[in-house]
Amino acid sequence: GTWNITSELNQIDTDTAHNVGDEFGKIISMDDQYMLIVAPGTDSTLAPAGVLYVYAKNDQGTTSVVDDTWDYETSFTAPDAVNTVSFADSVAIDGSTFLVSATLTGGIAEVYIYERNGSDWTTVAPTVTPLLTHVSRTLNGQTAVAIEEQTIVIGNRDATGNATQSGAVYVY
């Protein structure tokens with residue numbers, strides 16, 4: 001098949017975009033209607049640990065994908081900015097639910113769940129953290145996330161499975 005570029009997306013949220021070294025697009029996840037784009041290098045006072053941008057697909061009222069656009073919808077920063085080392089280490093989306101992993105001070109892993117509620121995205125309480133209480137949450141960052149329908153998968157290369165830092169994947 002032939003692939004043609006149809007859009008180029010750039011940071012437009014002036015509160016968090018500083019451009020130099022933001023690494024906008026380093027991490028991406030998408031489904032049919034939404035695209036998640038991470039800028040982990042954003043260093044503004046509002047987002048010292050990175051920013052997650054949400055774009056919504058606008059099909060222009062046609063069935064052709066050629067005229068589709070991706071419109072900026074909103075952005076997210078770490079809910080606990082004071083204790084967050086990096087926000088949105090990994091992101092995943094399925095329909096109206098998305099996951100965001102973060103690394104907190106001390107290497108503690110955190111996974112936030114967001115759901116679409118009307119025209120807003122809201123955090124689902126509790127986060128996945130309570131699900132991780134059966135394992136050490138000191139996973140040293142780099143937690144990968146995936147979601148498909150009612151299944152959440154969390155992986156970490158540094159988790160202690162059969163041996164120290166042998167890695168593990170947790171399915172919920």
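In this text, all values refer to a predicted model and were calculated from it rather than measured experimentally.

Talk me through the pattern of salt bridges; I want residue IDs and the actual numbers.
This structure, assessed with the given rule, holds 3 salt bridges. For K57, the salt bridge goes to D68, with nearest N and O atoms at 3.8 Å. Of the two residues, K57 is situated in strand β3 (residues 51-58) and D68 in the loop between β3 and β4 (69-76); the sequence distance between them amounts to 11 residues. D68 gets classed as buried once you look at its relative accessible area, which sits at 9%.

Requested: an account of the sheet that holds β4, with residues and values cited.
The antiparallel open sheet is built from 4 strands, whose spatial order is β1-β2-β3-β4. At either end of the open sheet lies a strand with only one pairing partner, and these are β1 (27-30) and β4. Ignoring which end each strand starts from, the neighbouring axes of this sheet average 20° apart. The pairing of strand β2 (residues 34-39) with β3 spans 6 bridges and is classified as antiparallel. If you follow Y34 over to β3, its bridge partner there is A56.

Please provide a residue-by-residue account of the layout of surface pockets, values included.
Of the volumes computed, that of the largest pocket is approximately 210 Å³. Around the largest pocket, the lining residues are T2, W3, N4, I5, T6, S7, V65 and V66. Split by residue class, the lining of the largest pocket holds 4 nonpolar, 4 polar and no charged. Computed from the structure, the second largest pocket encloses a volume of approximately 160 Å³. Lining the second largest pocket, in full, are T6, S7, M30, D31, D32, M35, K57, V65, D68 and W70. Here the residues of the lining of the second largest pocket sort into 4 nonpolar, 2 polar and 4 charged.

Which residues make up unusual backbone geometry, and what values do they have?
Phi at A88 takes a positive value of approximately 70°, unusual for a residue other than glycine. In this structure, A88 sits in strand β5 (residues 84-94). Positive phi is not limited to glycine here, since E149 has a value of about 55°. With respect to the secondary-structure elements, E149 resides in the loop between β9 (143-148) and β10 (151-156). Given the relative accessible area of 61%, E149 is considered exposed.

Residues and numbers for the side chain of T84, please.
Note on placement: T84 falls in strand β5. Owing to a relative accessible area of 9%, T84 belongs among the buried residues under this scheme. A polar contact is formed between the side chain of T84 and the backbone oxygen of D80, at a distance of 2.5 Å. If we skip the residues at most four places from it in the chain, T84 touches A49, A78, A102, T103 and L104.

Give a description of the nonpolar core that names residues and reports values.
With 20 residues, the main nonpolar core has L52, F76, F87, F98 and V100 as its most contacted residues. Those elements giving two or more residues to this core turn out to be β2, β3, β5, β6 (97-104) and β7 (108-117). With 8 residues, the next largest nonpolar core counts A92, V111, I113 and I154 among its residues.

Pulling in residues and values, what's your account of the environment of T123?
Position of T123 among the secondary structure elements: in strand β8 (residues 120-123). Residues T123 and P79 lie 44 residues apart in sequence; the distance between their C-alpha atoms is 9.5 Å. Ignoring any residue separated from it by four or fewer positions in sequence, one finds T123 in contact with I113 and Y114.

What counts and how
- By convention here, each chain's residues receive numbers from 1 onward along its written sequence.
- Where local features are concerned, this predicted model is filtered to residues with pLDDT of at least 70; where side-chain atom pairs are given and counted, the filter is 80 or more; whole-chain, interface and lining totals use all residues.
- Excluding hydrogens and water, the side-chain values take into account all heavy atoms of the structure.
- One speaks of a salt bridge when a side-chain nitrogen belonging to Lys or Arg is within 4 Å of a carboxyl oxygen belonging to Asp or Glu.
- Comment: elements are numbered from the N terminus, with helices defined as DSSP H or I runs of at least four residues and strands as E runs of at least two.
- Only protein chains enter the accessibility calculation, which uses a 1.4 Å probe. A residue is then buried if its area is under 20% of the maximum for its type, exposed if over 50%, and partly exposed in between.
- Following DSSP output, two strands are said to pair if at least two bridges run between them.
- Helix axes are fitted only over the stretch in contact, all axes being lines through C-alpha atoms; the angle between N-to-C directions runs from 0 to 180 degrees.
- Only protein atoms enter the 1 Å grid, on which a cavity is a set of points fitting a 1.4 Å probe that cannot get out and a pocket is an open set with protein on both sides within 12 Å along at least 5 of 7 lines, lining residues being those with an atom within 4 Å of a point.
- Grid points are joined across faces, edges and corners, and a volume is the space filled by probe spheres set on the points.
- Under the scheme applied here, ten amino acids are nonpolar (Ala, Val, Leu, Ile, Met, Phe, Trp, Tyr, Cys and Pro), four are charged (Asp, Glu, Lys and Arg), and all others, including Gly, are polar.
- Under this definition, polar contacts are N or O atom pairs within 3.5 Å; protein pairs additionally need one hydrogen-donor-capable and one acceptor-capable atom, and for neighbouring residues in sequence, both atoms have to be side-chain atoms.
- Throughout, a contact is declared for two residues whenever any of their heavy atoms are within 4.5 Å.
- What is meant by a nonpolar core is a set of buried Ala, Val, Leu, Ile, Met, Phe, Trp, Tyr and Cys residues, joined one to another through side-chain atoms within 4.5 Å.

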